[in-house]
Amino acid sequence: MRVIKSIKSIRTFLKTIKIKNKRIGLVPTMGALHKGHLSLIQKSRRENDIIILSIFVNPKQFGPKEDFTQYPRQEKKDELLAKKEKVDIIFYPSVEELYPKDYLTYVFVDELGEKLCGQSRPNHFQGVTTIVAKLLNIITPDTLYLGQKDAQQVIIINKMIQNLNIPVKVKTCPIIREPDGLAMSSRNRYLSSRQRKEAPILFQSLKSAKKRIQKGEHRSAALLQMIQSNIERNSSGRIDYLECVDNQSLNPLKKITSSGMIALAVKFGSTRLIDNIEFKIK
Ligand code: PAF
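Described in the following lines is the structure provided in the data block. Per chain, residue numbering runs from 1 following the sequence as it is written. The model is predicted, so local features are restricted to residues of pLDDT at least 70 and side-chain atom pairs to those at 80 or more, both for listing and for counting; the totals for chains, interfaces and linings are taken over all residues. Water and hydrogen atoms were dropped before computing side-chain values, which therefore reflect all heavy atoms in the structure.

Turning to the pairing of strand β3 (residues 50-55), a few remarks are in order. With 6 of its 6 residues buried, β3 lies for the most part within the structure. Inspection of the sheet shows strand β2 (residues 24-29) paired to β3 by 6 bridges, in the parallel sense. In the sheet register, Ile-24 faces β3, and the bridge partner there is Ile-50. Handedness of a crossover is defined as follows: orient the strands so they point away from the viewer, and if the path from the first strand over the helix to the second runs clockwise, the crossover is right-handed. Labels follow the DSSP assignment, with helices taken as runs of H or I lasting at least four residues and strands as runs of E lasting at least two, numbered in each case from the N terminus. This β-α-β element, β2 to helix α2 (residues 35-47) to β3, shows right-handed connectivity. Relative accessibility decides the category of a residue: with a 1.4 Å probe and only protein chains considered, values under 20% of the type maximum give buried, values over 50% give exposed, and everything between is partly exposed. For two strands to be treated as a pair, DSSP must find no fewer than two bridges joining them.

Okay, here's the thing in C-alpha cells:
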C-alpha cells in the first residue's frame with residue numbers, strides 16, 4: 001500500500017495504471033474509518049483492480065460553529081485498517097494544496113443542498129460537491145463508492161455527476177449498523193454512555209414507521225408524528241429535522257404513493273446524528 005500526499009505524485013502514479021487499462025475505484029472519506037467505510041472499501045476491492053482511499057477532512061464542508069478542529073483524526077490507525085483491506089493507495093492531500101490562499105471556485109448543486117441537512121448546515125453540500133468534484137478530477141476513477149447513510153449527499157453528488165457529465169459510475173452501499181441498530185458514524189464516539197444507549201431509538205422508530213407503511217399507513221404526518229413522539233419519549237435527543245421525502249427531488253411527500261425515504265437528524269447534546277430509511281409501495 002502506498003501513501004501519496006501530492007496531486008502531482010498521484011497523477012504520475014495513475015498514468016502508469018491507466019496505460020494498463022486497470023479499473024480504478026475511489027472511496028472518498030474524511031478518515032476515522034469505521035465498518036461503514038470498510039464495507040465501501042470491500043465492495044470496491046471486489047469490483048476494481050486498483051483501490052484508492054482518499055482521506056481529507058474537508059474544511060469547506062464545516063460551518064464556522066461546527067466540529068472541524070475536533071473532527072477525529074487517526075492517521076496511523078486508518079493506515080493499518082486500509083492495509084488490512086488491501087487498499088492500494090491512500091491519498092492524503094493537504095488543505096494548502098487543495099485550497100490555496102487564492103482559491104475561488106465552488107461547485108454548487110441548486111435546490112437539493114438547501115433541504116434536510118442543508119437547513120441547519122447552509123454551505124455544507126457546496127463544500128462536499130466541491131471536494132468530490134476535485135477528487136474526481138484528480139483521480140478520474142471508473143467508480144465512486146458512497147454510503148447510503150449520507151443519503152442526501154448521494155443524491156446531490158449523483159446530480160452533480162449527471163449535470164457536469166463527469167464520466168464516473170456511482171455505487172451506493174447500504175448503511176452499516178451496530179448490533180443495536182445505530183448507524184455507524186465517526187461521530188458516535190462523542191456520545192456519552194447515556195446518549196449511546198438512547199441513540200438506537202432513531203433506527204427503531206424509522207423501522208416501525210416502515211412497518212406501518214407496509215401495513216397501509218400512507219399519511220406522512222401520522223408517520224412522522226409517531227417517530228417524533230417515540231424519540232422524544234425515549235431519549236434526550238432533540239430533533240433537527242424529520243421528513244418524509246421523494247428520494248430524487250427531496251421534496252416533502254404528504255402522502256406516500258410509491259417510493260421515498262424518511263430522513264432525520266437528531267442532536268444528542270452537541271453530537272448530531274443522521275439516519276434514514278427508504279420505502280417502496282406498489
Ligand atoms: O461522506 C464523507 O465522508 C464526506 O462528505 C466526503 C464524501 C468524503 C467529502 O468530504
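A separate point is the packing of aromatic side chains. Only rings of Phe, Tyr and Trp enter the pairing, Trp through its six-membered ring, and a pair is recorded when the two centres are within 6.5 Å. The plane angle decides the type: under 30 degrees is stacked, over 60 is edge-to-face, the rest tilted. As enumerated under the stated definition, the model contains 5 aromatic pairs in all. Relative to Tyr-99, the ring of Phe-56 has its centre 6.1 Å away and its plane inclined at 45 degrees; by these criteria the two rings are tilted. On the criterion of sequence distance, the pair formed by Phe-56 in the loop between β3 and α3 (75-84) and Tyr-99 in the loop between α4 (95-98) and α5 (117-120) is long-range, its members being 43 residues apart. Each member of the pair Phe-56 and Tyr-99 is classed as buried. Where Tyr-99 meets Tyr-103, the ring centres are 5.1 Å apart and the plane angle is 85 degrees; that geometry is what we call edge-to-face. For the pair Tyr-99 and Tyr-103, a shared accessibility class is recorded, and that class is buried.

This part is about the side chain of Glu-85. Mapped onto the elements, Glu-85 comes out in the loop between α3 and β4 (89-91). Buried within the structure, Glu-85 lacks any salt-bridge partner; Lys-84 is the closest side chain of opposite charge, at an N-O distance of 6.6 Å. With residues near it in sequence (within four places) discarded, Glu-85 still touches Leu-38, Ile-41, Gln-42 and Arg-45. Neither His nor the chain termini are counted; the positive set is Lys and Arg, and the negative set is Asp and Glu. What counts as a salt bridge is simple: a side-chain nitrogen of Lys or Arg found within 4 Å of a carboxyl oxygen of Asp or Glu. Any pair of residues with heavy atoms lying within 4.5 Å of one another is described as a contacting pair.

The span expected for a helix works out to 1.5 Å for each residue beyond the first. Its 13 residues place the ends of helix α7 (residues 151-163) 18 Å apart at the C-alpha level, agreeing with the 18 Å of an ideal helix rising 1.5 Å per residue. Within the span of α7, buried status applies to Ala-151, Gln-152, Gln-153, Val-154, Ile-155, Ile-156, Ile-157, Met-160 and Ile-161. The inward-facing, buried residues of α7 abut α5, α6 (124-139), β5 (143-147), β6 (169-173), β8 (259-268) and β9 (271-280). Once α7 ends, the next one or two residues include Asn-165, with phi positive near 55 degrees.

Structurally, Gly-31 can be placed in the loop between β2 and α2. By relative accessible area, which is 2% here, Gly-31 ends up buried. As for Gly-31 and Thr-130, which are separated by 99 residues in sequence, their C-alpha atoms are 18 Å apart. When residues no more than four places from it in sequence are discounted, the contact partners of Gly-31 are His-37, Ile-55, Asp-78 and Ser-186.

We now examine the nonpolar core. Within the largest apolar cluster, 48 residues are counted, with the highest numbers of intra-cluster contacts made by Ile-10, Ile-52, Phe-91, Leu-136, Ile-139, Leu-144 and Met-160. Per element, the largest residue contribution to this core is 9 residues, and it comes from α6. Each residue touching Phe-91, except ones within four places of it in the same chain, is listed here: Ile-4, Lys-5, Ser-6, Ile-7, Ile-10, Ile-52, Leu-53, Ser-54, Ile-55, Leu-135, Ile-138 and Ile-139. What makes a nonpolar core is a set of buried Ala, Val, Leu, Ile, Met, Phe, Trp, Tyr and Cys residues whose side-chain atoms join them at distances within 4.5 Å. Counting residues in each nonpolar core, the second largest holds 26 residues, with Met-226, Ile-262, Phe-279 and Ile-281 among its members.

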